[in-house]
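Examining the three-dimensional arrangement
Here is what each chain is made of, one letter per residue.
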Amino acid sequence: MNCQEAQEAILLSDNPADFTSNPELAKHVTECAACSEISLQLSRMQTAMATFPMPGSAEGKAATLKRVRSFEMRPRRLILHPMFLSAVAALIVVGVGLGIVIYNFDRPAPPTVVDRLIDWNAELADAPATQQSAVFSARAAVLQSEVHDASLSDDDRELASALLQHGNWLCVNTDPIDRAEKFSDLSDLILIRMHRAVLNNDEKAMQRLSLRYDQVVRAGIGGNLARMKANAAVSPENTKKLERIAKRNADQERKLQLLNDRASKALQKELKQALETSKKQGKNMRGQGRVF
Amino acid sequence: MKLNRSADHDNRIGGLAFDELVELHWDSVYRLVYHLCGNLHDAQDLAQETFVKAIAARSSFKVGTNLKAWLLRIASNSFLDLRRKKKTTRAAPMEAEPAVTFPDGMQNTELMQMLTAAIQQLDETQRMVFLLRTQDDLSFREIAQTLETTEETARWHMLQARRRLMKQLEGRI
């Protein structure tokens with residue numbers, strides 16, 4: 001090893017004063033004054049570096065300690081995993097959805113234009129003869145426009161048209177038995193839809209229909225029959241009409257019982273209400289002393 | 001529930017509380033940044049910034065690796081960031097700042113002044129390799145990891161640094 005190689009090895013070494021890992025270099029440094037001097041100078045430089053005073057170190061350290069201690073005292077901010085956040089968001093969505101379902105669980109669906117038409121017919125049935133025109137004109141045009149604009153199934157559109165015509169007819173026909181018979185037709189149409197609601201297990205539709213069936217039977221049929229009884233003796237012609245109404249009522253009672261047997265428990269509550277209305281109407285008619 | 005946690009506990013790095021980390025490694029970090037930037041105020045700011053950054057990034061520290069080398073790497077990168085920032089905001093480079101003077105009562109020897117000035121004349125990588133080896137006793141492998149280079153390159157920079165310092169301090173050390 002010559003001096004150039006030795007000096008390069010010293011400059012590359014881990015420690016310029018310790019050559020135990022390189023015996024050849026250690027031997028050269030021991031024997032060469034120039035290379036030994038380089039080794040000594042580098043060692044002195046290293047020692048000087050190790051003892052180098054650091055101005056400003058104490059102040060900087062104190063300030064840094066103060067700052068990092070404030071981190072330790074600060075409550076740790078939770079960094080939530082995106083999967084966890086997604087799960088929370090999904091739970092909130094499901095919770096809100098469930099809340100809406102539960103909130104609306106026992107609430108009937110908002111009335112449709114068909115429901116409003118039935119209500120209007122029931123109002124016409126209840127209204128005294130002198131107020132018939134006012135009740136009719138107050139809502140006829142609006143309801144007609146609603147039917148025109150509404151998105152209805154063919155079946156519902158047919159019923160809506162029938163109800164509009166029924167309203168017109170009620171305005172000009174004041175005979176209670178004829179009116180009762182018209183409402184009996186209407187109750188049949190509602191019963192057909194109740195049957196459909198059972199098939200679809202549509203609880204909300206059943207709630208609406210049961211309510212309307214009660215209005216039609218009680219106000220439309222029962223109210224007109226009561227007026228007929230109060231007015232005059234029943235003519236033979238009207239007896240036949242009454243028999244038809246009573247027979248239809250008995251059919252409806254039977255059908256409602258069948259529907260009730262088939263329906264789910266959720267629908268039975270509404271069907272029982274309709275059945276009670278029908279039974280009560282049959283009893284009233286029988287109470288009038290007529291045998292149908 | 002899964003939380004992002006540091007390698008150790010929430011308020012610990014490599015098993016050390018934040019203040020213990022500063023107590024144990026302050027001198028190493030401060031010495032490095034002091035010699036790198038050559039002035040007291042930048043050195044204080046950089047050293048503090050190094051620990052704050054380390055605390056913020058504690059989840060990235062791998063337990064079982066060299067904590068001091070990790071801190072010094074943060075310090076080196078912080079210095080390079082500061083230098084870049086200063087280059088874009090003012091014409092004068094950091095090296096052109098006044099030479100370091102030692103406060104009263106400290107060893108204000110001629111050798112220290114010369115050594116400081118000589119170190120400032122080294123290029124950045126040579127300075128970092130020289131300081132990491134002589135001041136912080138990192139192995140060349142650790143220096144290579146800290147500076148993201150190879151061990152051979154780190155040794156070559158050390159050779160160049162020692163050679164230049166020997167030349168500048170010739171006959172005075």
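Residues numbered from 1 in each chain as written. Chains lettered and ligands numbered in written order. Predicted model: local features only at pLDDT ≥ 70, side-chain atom pairs only at ≥ 80, totals over all residues. Heavy atoms only, no water.

For the rest of this paragraph, the subject is the overall build of chain A. What chain A contains, in helices and strands, is twelve helices and zero strands. Its helices and strands taken in sequence order, chain A reads α-α-α-α-α-α-α-α-α-α-α-α from the N to the C terminus. Each of the 292 residues in chain A was classed as buried or not, and the buried ones make up 39%. Of all intrachain contacts in chain A linking residues separated by at least 6 positions in sequence, the fraction that spans at least 24 positions is 70%. Only carbon and sulfur atoms are counted for the fraction: they give 57% of the accessible area of chain A, which is about 16500 Å². (Helix = DSSP H or I, 4+ residues; strand = E, 2+ residues; numbered from the N terminus. Buried < 20%, exposed > 50% of the residue type's maximum accessible area, 1.4 Å probe, protein only. Contact = heavy atoms within 4.5 Å. Areas by Shrake-Rupley, 256 points an atom, 1.4 Å probe, with all protein chains shown as cover.)

With that out of the way, let us pick up helix 6 (residues 113-126) of chain A. One turn of the α-helix equals 3.6 residues, which is why residues spaced by three or four share an orientation. Residues and elements named next belong to chain A. Its 14 residues give helix 6 an end-to-end C-alpha distance of 20 Å, which sits within 8% of 20 Å, the value for a rise of 1.5 Å per residue. With respect to burial, helix 6 is a largely interior element, eleven of its 14 residues being buried. Among the residues of helix 6, those classed as buried are Val113, Val114, Asp115, Leu117, Ile118, Asp119, Trp120, Asn121, Ala122, Leu124 and Ala125. Packing partners of the buried residues in helix 6 comprise helix 7 (132-149), helix 8 (154-172), helix 9 (176-199) and helix 10 (203-231). (Expected span 1.5 Å × (residues − 1).)

Next up on the list: the packing of aromatic side chains. Two measures describe an aromatic ring pair: the distance that separates the ring centres and the angle between the ring planes. Residues and elements named next belong to chain B. The final tally for this structure, using the stated rule, is five aromatic pairs over all chains. Geometrically, the ring pair formed by Trp26 and Tyr30 is stacked, given 5.5 Å between the ring centres and 20 degrees between the ring planes. One end of the pair, Trp26, and the other, Tyr30, are both in helix 1 (residues 18-37), four residues apart, so they sit about a helical turn from each other. Note on accessibility: Trp26 and Tyr30 belong to one class, buried. Here the aromatic rings of Phe61 and Trp70 are separated by 5.1 Å at their centres, their planes lie at 50 degrees, and the arrangement is tilted. Taking the relative accessible area as the measure of exposure, Phe61 reaches 4% and is therefore buried. Its relative accessible area of 16% is what places Trp70 among the buried residues. Counting every residue linked through ring pairs, the aromatic cluster contains Trp26, Tyr30, Tyr34 and Phe51. Positioned above the aromatic ring of Phe140, the side-chain terminus of Arg133 is 5.8 Å from the ring centre. (Phe/Tyr/Trp six-rings, centres within 6.5 Å; stacked < 30°, edge-to-face > 60°. Lys NZ or Arg CZ within 6 Å of the ring centre and 35° of its normal.)

Packed helices, taken two at a time, are described by the angle between their axes plus the distance between the axes. Residue and element names in this part refer to chain A. Here helix 9 crosses helix 10 at 165 degrees, and the two axes come no closer than 9 Å. Accordingly, the angle class assigned to the pair helix 9 and helix 10 is roughly antiparallel. The two elements helix 9 and helix 10 cross, and the hand of that crossing is left-handed. When the residues that make up the contact of helix 9 with helix 10 are grouped by side-chain class, the tally is 18 nonpolar, six polar and four charged. (Axes fitted to C-alpha atoms, helices over the stretch in contact; angles between N-to-C directions. Parallel < 35°, antiparallel > 145°, perpendicular 65-115°, else oblique. Left-handed = near helix turned anticlockwise from the far one by under 90°. Nonpolar A, V, L, I, M, F, W, Y, C, P; charged D, E, K, R; others polar.)

Let us now look at the pattern of salt bridges. Per the stated rule, a full pass over the model turns up 25 salt bridges over all chains. A:Arg139 is the partner of A:Glu123 in a salt bridge, and the nearest nitrogen-oxygen pair spans 2.6 Å. With a gap of 16 residues between them, A:Glu123 in helix 6 and A:Arg139 in helix 7 connect regions that are remote in the sequence. With relative accessibility at 25%, the residue A:Arg139 sits in the partly exposed group. One connected set of salt bridges, linked through shared partners, spans B:Glu49, B:Lys53, B:Asp81 and B:Arg84. (Salt bridge = Lys/Arg side-chain N within 4 Å of Asp/Glu carboxyl O.)

Moving on to the nonpolar core. Within the largest apolar cluster, 70 residues are counted, with the highest numbers of intra-cluster contacts made by A:Ile10, A:Met45, B:Ile13, B:Trp70, B:Leu115 and B:Phe130. When neighbours within four sequence positions are excluded, A:Met45 is seen to be in contact with B:Leu115, B:Phe130, B:Leu165, B:Met166, B:Leu169 and B:Ile173. (Core = buried A, V, L, I, M, F, W, Y, C linked by side-chain atoms within 4.5 Å.)

Across the boundary between the two partners, chain A contributes 41 residues, which contact 49 residues of chain B. Inspection of the region where chain A meets chain B yields three salt bridges. Between A:Lys61 and B:Glu23 there is a salt bridge whose closest N-O contact spans 3.2 Å. The interface formed by chain A and chain B includes twelve residue pairs in polar contact (both at pLDDT 80 or more). The set of elements that each furnish at least two residues to the side of chain A that touches chain B consists of helix 1 (3-12), helix 3 (33-50) and helix 4 (57-73) of chain A. If one sorts the elements of the side of chain A that touches chain B by residue count, helix 4 of chain A sits on top with twelve residues. Of the residues assigned to the side of chain A that touches chain B, the class counts are 22 nonpolar, ten polar and nine charged. (Polar contact = N/O pair within 3.5 Å; in protein donor to acceptor, adjacent residues only side chain to side chain.)

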